[in-house]
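Now for the letters of each chain:
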Amino acid sequence: MHKLNSKVPASPRSRCHPFKLMPFLQCINISTVGSYQSTYHSNQLLNGLLKSGRINDARKMFDKMPQRDEYTWNTMISGFVSLGRLVDARELFDGFPSRSSITWSSLISGYCRHGCENEAFDLFRSMRLEGHTPSQYTLGSILRVCSALGLIRNGELIHGYIVKNGFESNVYVVTGLVDMYAKCKHISEAEVLFKRLAYDKGNHVLWTTMVTGYSQNGDGRKAIEFFRYMHAEEVESNQFTFPSILTACSAVSAHCFGEQVHGCIVRSGFGRNVYVQSALVDMYAKCGDFSSAKRVLENMEDNDVVSWNSMLVGCVRHGFEEEALLLFKKMHARNMKIDHYTFPSVLNCCTVGSTDAKHVHCLIVKTGFEKYKLVSNALIDMYAKTGDLNCAYAVFEKLLHKDVISWTSLVTGYAQNGSHEKSLRIFCDMGIAGVRPDQFIIASILSACAELTLLEFGKQVHSDFIKSGLRSSLSVENSLVAMYAKCGCLNDADAIFVSMHVRDVITWTALIVGYAQNGKGKESLRFYDSMVSSGTKPDFITFIGLLFACSHAGLVDDGRVYFQQMSKFYGIEPGPEHYACMIDLYGRSGKLNEAKELLNQMNVKPDATVWKALLAACRVHGNLELAERAATNLFVLEPMNAMPYVMLSNIYSAAGKWDAAAKIRKLMKSKGITKEPGCSWIEINSRVHTFISEDRGHPMAADIYSKIDEIIIRIKEAGYVPDMNFSLHDMDREGKEVGLAYHSEKLAVAFGLLASPQSAPIRIFKNLRVCGDCHSAMKYISRAFNRRIILRDSNCFHHFKEGECSCGDYW
């Protein structure tokens, strides 16, 4: 023990480093520390205990030391800070009678390092109030917190303090400021500060910070330009610079420049650095150069999961799902440590019911990654997109902490698979759960409202979205245009359209289709001309809307021109949907021979849509021979669809061929095919009221039927004559009239006259086509009762006003 206290020679060989004292320290009895007269030696022992990880022994020694100096306190506080024991560090700090700037800086840095930013800022303020000047390292720590958390306001306050206290020439501090401004998306302020220190060619951190700043701010081209400037100034790049510039290359698909950077990496000797290699794989994969990405990946000494994940993401983004699955299988075969970023990419490649989807899901459960929200959200999204909504819901239910992405994946999945009512119910549950919606889920819900024609609900969603303060997006605005147009509110659709700063082909197409569906085909064509003039190219869907507009407005010549323009000017080959629109156009115009000729000239095999269009045309013009041909093909293509059986039966009935009609209905019954019952619904005070023909189940049935009798009397006085062609039952005239009077849309309009304000339009929706008699009756009702009636059937809108319909009776 005496030798430990004695002076030792200055020779480096014999000088006792604290680490070399460890064998002796293991044997020291802490209770004997009082025998030491030298605080210096005690501090050395204390430091040795801390470096060996014996923090509790160090604290016992600290408590029993008879004399402590500033070094003793700072060493002990620093030891607690390094292990994250901030409560213990703060206890010592508060008990230290003469704290110095080093003490304050040590604790502040610890709070910053361990994510306690509020405590760090509080301490920093207290330090200044007590008159202590923070060191450059304290300022650097506090600026790193601002950078990591995007606390620009706090960062600006620190900047003001730096200027006032003469730190603006300190390279270390100013580099921290540049980093803070760059990461807080204030790159112009970072540029100003950088220019003051640009002369310092050896400050790699400063130059690299600017490259990273441009890249993280989404300005990849500026990052590339700055990297060129850095290279021209002969500033050396390092293992931090190269990944940043490669990320910028990925963002702007600068493949050629990325290859040049790769050459610089090899020449600089960083070709074996795992972070640089990972960034190279990512750059090549995102640029679609998979051979180069694979070559870098295979030359890596270690199986780096980040690099493999980058390769997976690249394959998925470029549509190489099979290659991505093979890559994942290789990762699994190599026993790589797959992480929670791997699975979402793999799930994007899976199709529901496939062996791969089941195996990946099983592996997720087995490895415990199902508890990761990112992975569970990807599972929900995969099942929802591929139509397995039961599995999507099961995963969703097991998720303990659901975020907006979890809810959005499920709501969007139900909406895209036609379960619109379910998607609305889940959206309401999301609101009850207190989760705020984002732009993606709002767009999906508005689309569901459009499909269900729930105008009031859609308006409420629109209102809540405005109140939320969320920034609008193109997808939300497009959904709003489509929702209002599909609900028959063209003025509202126009208002949204006019307010949009950016419009794409979906925007224009929504308006073109909306106007066409509302009986304004000529306006649809004018919008198409404006769209082309704006430089927006029409797509496959645009031409469906355009031909639909021509079909419902009887614009045969225009329809022919647009049909030819598709392939001639835009390289879009007509699909079955376009042929169906053209056949419908010819059929409505009575040009059945031209429809038949086009059918024989089709470049694609006619699908059910084409034959339905032809059958509908035969229904209008009573062509039995062609109707039988169309129906026969539909019996094969859609054997369980009641539509061709019902329509052919109706054609026979209209022609007075009751036996043939009965035979078709008997055949339909023998096959177990049931007809979808015609129903109409109307929304009053946010409640939907549904009716079927001769329905007496409504609470106001007596009043509704009394109103029907009044309606029939008044419209007959105005000139209405029931059209017996639409009473398809073999009975006397009186029975046919009664049957026509109680069609579902007439019951709905009677209820609308009773329950809605006189000034409000009556909005009725029907799941099937409106019959000719009801269409005629609605015109008379609008005039006799001086009411505007908006009726949407399965095909289009009919706006009735003062005895006229928007379709011009061409429907």
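Remember, it's a predicted structure, so these values are computed and weren't measured experimentally.

## With respect to the overall build of the protein chain
Counting its regular elements, the protein chain contains 44 helices and six strands. Compactness check: the protein chain gives a C-alpha radius of gyration of 38 Å against a globular reference of 28 Å for 811 residues, more than 25% above the reference. Taking the principal axes of the C-alpha coordinates as reference, the protein chain spans close to 130 × 60 × 50 Å. Counting only residues that meet the buried cut, the protein chain has 50% of its 811 residues in that class. For the protein chain, contacts bridging at least 24 residues in sequence account for 61% of all contacts bridging at least 6. On the protein chain, roughly 39,800 Å² of surface is accessible, and the fraction owed to carbon and sulfur atoms is 52%.

## Quick word on the side chain of His798
Position of His798 relative to the elements: it lies in strand β5 (residues 797-801). A distance of 3.4 Å separates a polar atom in the side chain of His798 from a polar atom in the side chain of His775.

## Let's talk about the packing of aromatic side chains
If you walk through the whole model with that rule in mind, you get 31 aromatic pairs. Aromatic ring contacts, followed pair by pair, group Phe194, Trp207, Tyr214, Phe226 and Tyr229 into a single cluster. The ring of Tyr393 has Lys422 sitting right over it, with the charged end atom 5.1 Å from the ring centre.

## Comments concerning the pattern of salt bridges
Taken as a whole, this structure holds 21 salt bridges when the rule is applied. Here Asp282 ties to Lys286 by a salt bridge, and the two come within 3.4 Å at their closest N and O atoms. Here Asp282 and its partner Lys286 are both found in helix α17 (residues 274-286), four residues apart, which amounts to about one turn of the helix. Through salt bridges with shared partners, a single network forms among Asp557, Arg560 and Glu594.

## Looking at the nonpolar core
Of all hydrophobic cores here, the largest spans 217 residues; its most connected members are Met76, Ile142, Ile245, Phe343, Met483 and Leu614. Per-element accounting of this core gives the leading share, nine residues, to helix α27 (residues 439-452). Once residues lying within four places of it in the same chain are set aside, the contact partners of Met76 are Leu46, Leu50, Ile55, Ala58, Arg59, Phe62 and Leu92. Grouped together as the second largest cluster of nonpolar side chains are 32 residues, Ile704, Tyr742, Cys771 and Cys805 included.

## With respect to helix α6 (residues 86-95)
Among all positions in α6, only Leu86, Ala89, Leu92 and Phe93 are buried. Axial view of α6: buried residues confined to an arc of 125 degrees, hence all on one face. Tucked into the core, α6 has its buried residues touching α4 (55-64), α5 (70-82), α7 (101-113) and α8 (117-129).

## Comments concerning the sheet that holds strand β3 (residues 762-766)
Taken together, six strands build an open sheet; the order of strands is β2-β1-β3-β4-β5-β6 and the sheet is mixed. Of all the strands in the sheet, the pair left with one neighbour each is β2 (687-692) and β6 (804-805). Taken together, the four bridges between β3 and strand β4 (residues 789-792) define a ladder with parallel strand orientation. Each residue of the ladder has a partner; that of Ile764, found in β4, is Leu791.

## Quick notes on the confidence of the model for the protein chain
Predicted coordinates in regions of low pLDDT should not be interpreted in detail. Chain-level pLDDT for the protein chain is 85 on average; 93% of the residues reach the 70-or-more range. Across residues 1-37, confidence stays below pLDDT 50; counting only partners more than four residues off in sequence or on other chains, it has 27 contacts.

## Description of the pairing of strand β1 (residues 679-684)
Most of β1 is tucked away: five of the six residues are buried. As defined by bridge partners, β1 adjoins β2 across six bridges and the pair is classed as antiparallel. Its bridge partner lying in β2, Ile684 is registered against Arg687. Hairpin connection, β1 to β2: the antiparallel pair is bridged by two residues, and Asn685 has positive phi, about 50 degrees.

## Looking at the UniProt feature "repeat: PPR" (unreviewed entry) in the protein chain
Mapped onto the present numbering, the UniProt feature "repeat: PPR" (unreviewed entry) falls at residues 38-68, 69-99, 100-134, 203-237, 304-338, 403-437, 504-538 and 641-675. Segment residues 304-338 splits into 74% helix and 0% strand. End C-alpha atoms: 10 Å apart.

## Looking at helix α44 (residues 772-784)
The end-to-end C-alpha distance of α44, which contains 13 residues, comes to 19 Å, matching closely the 18 Å that a straight helix rising 1.5 Å per residue would cover. By the burial criterion, the buried members of α44 are Gly772, Asp773, Cys774, His775, Ala777, Met778, Lys779, Ile781 and Ser782. Positive phi appears at Asn786, one or two residues downstream of α44, with a value of about 50 degrees.

Definitions and limits used
Residues numbered from 1 in each chain as written. Predicted model: local features only at pLDDT ≥ 70, side-chain atom pairs only at ≥ 80, totals over all residues. Heavy atoms only, no water. Helix = DSSP H or I, 4+ residues; strand = E, 2+ residues; numbered from the N terminus. Rg over C-alpha atoms; globule rule 2.2 N^0.38 Å. Buried < 20%, exposed > 50% of the residue type's maximum accessible area, 1.4 Å probe, protein only. Contact = heavy atoms within 4.5 Å. Areas by Shrake-Rupley, 256 points an atom, 1.4 Å probe, with all protein chains shown as cover. Polar contact = N/O pair within 3.5 Å; in protein donor to acceptor, adjacent residues only side chain to side chain. Phe/Tyr/Trp six-rings, centres within 6.5 Å; stacked < 30°, edge-to-face > 60°. Lys NZ or Arg CZ within 6 Å of the ring centre and 35° of its normal. Salt bridge = Lys/Arg side-chain N within 4 Å of Asp/Glu carboxyl O. Core = buried A, V, L, I, M, F, W, Y, C linked by side-chain atoms within 4.5 Å. Arc of directions from axis to C-beta. Pairing = 2+ DSSP bridges. pLDDT = per-residue confidence, 0-100. UniProt positions renumbered as here; feature names shortened; annotations may be inferred. Expected span 1.5 Å × (residues − 1).

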